[in-house]
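# Observations on chain architecture
Single-letter residue listing:
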Amino acid sequence: MIPAVDALLKDIRNKRIAPVYLIHGDEPFYLDRIADELEKVAVPVAERGFNQFVLFGKDTDIGAVMNYARRYPFMAERQLVLVKEAQQLTGLNDKSAQTLLEDYALNPLSSTILMLCYTKEDGKPGLDERKAWVKAFGAKGKLLGVKKLYDNKIPDWVGEYCREQGAKISPKACQLLSDHIGNDLKRLASEIDKVLINLHVGEEISAATVERLVGISKEYNVFELQKALVQRDVLKANRIIDYFARNPKDNPLVVILSQLFGYFSKVLQVQASKDQTDKGLAPLLGVNPFFVKDYLSAARTFPLAKVAAILHAIRVADARSKGIDAPTMTEGDILRELVFEVLH
């Protein structure tokens with residue numbers, strides 16, 4: 001959990017509720033989670049029909065939001081006005097509309113809770129916290145930006161999410177889920193919830209459980225490919241990449257290359273480190289100590305110059321996957337050539 005998100009959720013659960021909220025960023029999982037938590041506690045269930053309004057930016061404008069915010073609750077202590085996808089609000093970039101928001105945020109109605117959820121869209125700039133209307137939300141209420149987690153933080157997030165649900169999960173299962181799904185927290189949470197439904201009481205989530213319930217092949221995954229490369233098992237490595245080539249939707253090339261690049265980058269860090277102990281390498285690599293032995297084994301298999309050459313080969317493969325220098329190569333061809341470069 002991100003500390004600032006955790007603190008805000010605790011405040012909401014304890015009913016320490018601010019009059020205005022502006023939450024933004026490119027991680028919709030946390031924006032939705034905060035909004036859902038506020039919906040649970042802001043207005044009693046019996047009063048929600050008249051005093052809880054969930055609006056969507058594409059369907060409304062600033063003027064309408066202000067009208068909702070400035071009305072008084074119907075036979076109740078307070079009302080909630082929740083605006084999702086606020087980045088799509090009509091007129092949001094107009095100075096006059098921003099002035100309306102700023103004026104309201106600085107003098108909010110005590111009987112209204114107003115929350116704007118602003119999602120950063122791909123290819124577009126995020127919310128500028130230097131703007132006066134944005135600062136006003138922070139001055140009188142809660143202003144919080146949430147960024148997507150880096151890929152190397154995802155296994156820890158998986159472990160923490162499982163602990164929050166009262167379940168234990170093995171380090172390998174954490175890594176398997178993060179490698180297979182990536183940093184899509186909504187999908188990760190959904191897959192973990194699916195696993196939890198099928199677990200026995202007190203049962204740990206193992207790698208085998210993830211493979212069975214999430215639909216990850218036990219033999220054909222990036223874990224097994226990395227192992228085959230380190231063991232210089234040419235036959236197994238080629239069987240795996242042939243499987244990947246036949247099932248591209250389940251094994252996107254861009255994801256495979258990203259995972260391999262991350263793996264060999266860590267091998268390079270191991271070779272550069274003076275401390276070769278599990279305890280010293282685990283925080284350096286940002287991995288569970290359980291996996292340090294795998295990186296040490298790879299560092300012994302591939303000398304420093306070879307690892308540098310492998311990283312270069314992965315960059316070349318990534319460029320080819322985008323049609324650079326090899327417009328006619330299939331994803332299978334790119335992977336086969338990369339594996340050849342690694343093993344020879």
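Residues numbered from 1 in each chain as written. Predicted model: local features only at pLDDT ≥ 70, side-chain atom pairs only at ≥ 80, totals over all residues. Heavy atoms only, no water.

## Regarding the nonpolar core
- Core analysis: the largest hydrophobic core is formed by 89 residues, its most contacted members being W157, V158 and F264.
- Once residues within four sequence positions are removed from consideration, W157 is found in contact with F29, Y30, L149, L185, L188, A189 and I192.
- Judged by nonpolar contacts, the second largest core, of 26 residues, contains A105, L109, Y118 and V134. (Core = buried A, V, L, I, M, F, W, Y, C linked by side-chain atoms within 4.5 Å. Buried < 20%, exposed > 50% of the residue type's maximum accessible area, 1.4 Å probe, protein only. Contact = heavy atoms within 4.5 Å.)

## Re helix α15 (residues 292-301)
- For α15, every residue scored as buried is listed here: V292, Y295, L296, A298 and A299. Looking down the long axis of α15, one finds its buried residues gathered within 160 degrees of arc, a one-sided arrangement. (Helix = DSSP H or I, 4+ residues; strand = E, 2+ residues; numbered from the N terminus. Arc of directions from axis to C-beta.)

## As for the UniProt feature "domain: DNA polymerase III delta N-terminal" (unreviewed entry) in the chain
- Per the UniProt record, the feature "domain: DNA polymerase III delta N-terminal" (unreviewed entry) sits at residues 21-143.
- Counting secondary structure, residues 21-143 comes out at 40% helix and 21% strand; the distance between its end C-alpha atoms is 6 Å. (UniProt positions renumbered as here; feature names shortened; annotations may be inferred.)

## Remarks on the sheet that holds strand β1 (residues 20-25)
- Strand order in the open sheet made by the 5 strands is β2-β3-β4-β1-β5, with parallel pairing throughout. Two strands lie at the open edges of the sheet, namely β2 (52-56) and β5 (142-146), each paired on one side alone. Taking the axes of each pair of neighbouring strands and ignoring which way they run, one obtains an average angle of 10 degrees across the sheet.
- Pairing of β1 with β5 involves 5 bridges; the strand directions are parallel. From the neighbouring strand, I23 faces β5, where its bridge partner is L144.
- The sheet contacts of helix α2 (residues 28-42) involve β1, β2, β3 (79-84), β4 (112-119) and β5, and relative to β4 the element is tilted by about 165 degrees.
- On the sheet, helix α6 (residues 132-140) packs against β1, β4 and β5 and is oriented at approximately 125 degrees with respect to β1. (Pairing = 2+ DSSP bridges. Axes fitted to C-alpha atoms, helices over the stretch in contact; angles between N-to-C directions.)

## Observations regarding the pattern of salt bridges
- Scanning the entire structure with this criterion turns up 17 salt bridges.
- E121 is paired through a salt bridge with K124; the nearest N and O atoms lie 3.2 Å apart.
- A relative accessible area of 24% places E121 in the partly exposed class.
- For D128, the salt bridge is made with R130, and the minimal N-O distance between the two is 3.0 Å.
- By relative accessible area, D128 is classed as partly exposed at 25%.
- Given a relative accessible area of 67%, R130 falls into the exposed group. (Salt bridge = Lys/Arg side-chain N within 4 Å of Asp/Glu carboxyl O.)

## Quick notes on the UniProt feature "domain: DNA polymerase III delta subunit-like C-terminal" (unreviewed entry) in the chain
- Following the UniProt record, the feature "domain: DNA polymerase III delta subunit-like C-terminal" (unreviewed entry) maps to residues 219-322 here.
- A helix fraction of 75% and a strand fraction of 0% characterise residues 219-322, whose end C-alpha atoms lie 28 Å from each other.

## With respect to the side chain of E27
- Here E27 is to be found in the loop between β1 and α2.
- Given the relative accessible area of 2%, E27 is considered buried.
- Side-chain polar atoms of E27 contact the side chain of K148, separated by 3.5 Å.
- Dropping the residues within four chain positions of it, E27 is found in contact with V146, K147, K148, N183 and L185. (Polar contact = N/O pair within 3.5 Å; in protein donor to acceptor, adjacent residues only side chain to side chain.)

## Here we look at the packing of helix α4 (residues 62-70) against helix α5 (residues 95-106)
- Axis separation between α4 and α5 bottoms out at 10 Å; the angle between their running directions is 20 degrees. Classified by the angle their axes make, α4 and α5 are roughly parallel. Handedness of the crossing formed by α4 with α5: left-handed. Between α4, through I62, M66, A69 and R70, and α5, the contact on the second element is made entirely by A97, L100, L101 and Y104.
- When its residues are assigned to classes, the contact of α4 with α5 shows 7 nonpolar, no polar and 1 charged. (Parallel < 35°, antiparallel > 145°, perpendicular 65-115°, else oblique. Left-handed = near helix turned anticlockwise from the far one by under 90°. Nonpolar A, V, L, I, M, F, W, Y, C, P; charged D, E, K, R; others polar.)

## A word on the state of the cysteines
- Within this structure, the stated rule accounts for 0 disulfides.
- The closest cysteine sulfur to the non-disulfide-bonded C174 is located on C162, 6.0 Å from its own sulfur.
- Take C174: its relative accessible area is 7%, and that puts it in the buried class. (Disulfide = S-S within 2.5 Å.)

## Section: the environment of N183
- Here N183 is to be found in the loop between α8 (171-181) and α9 (185-197).
- You can call N183 partly exposed: its relative accessible area is 25%.
- Linking N183 and P155, residues 28 residues apart in sequence, is a C-alpha distance of 9.5 Å.

## Digging into the side chain of K266
- Note that K266 resides in helix α13 (residues 253-272).
- Lacking a salt bridge, the buried K266 has D179 as its closest oppositely charged neighbour, with an N-O distance of 8.4 Å.
- For K266, the contacting residues outside a window of four places in its chain are N152, L285, V287 and Y295. (Lys, Arg positive; Asp, Glu negative; His and termini not counted.)

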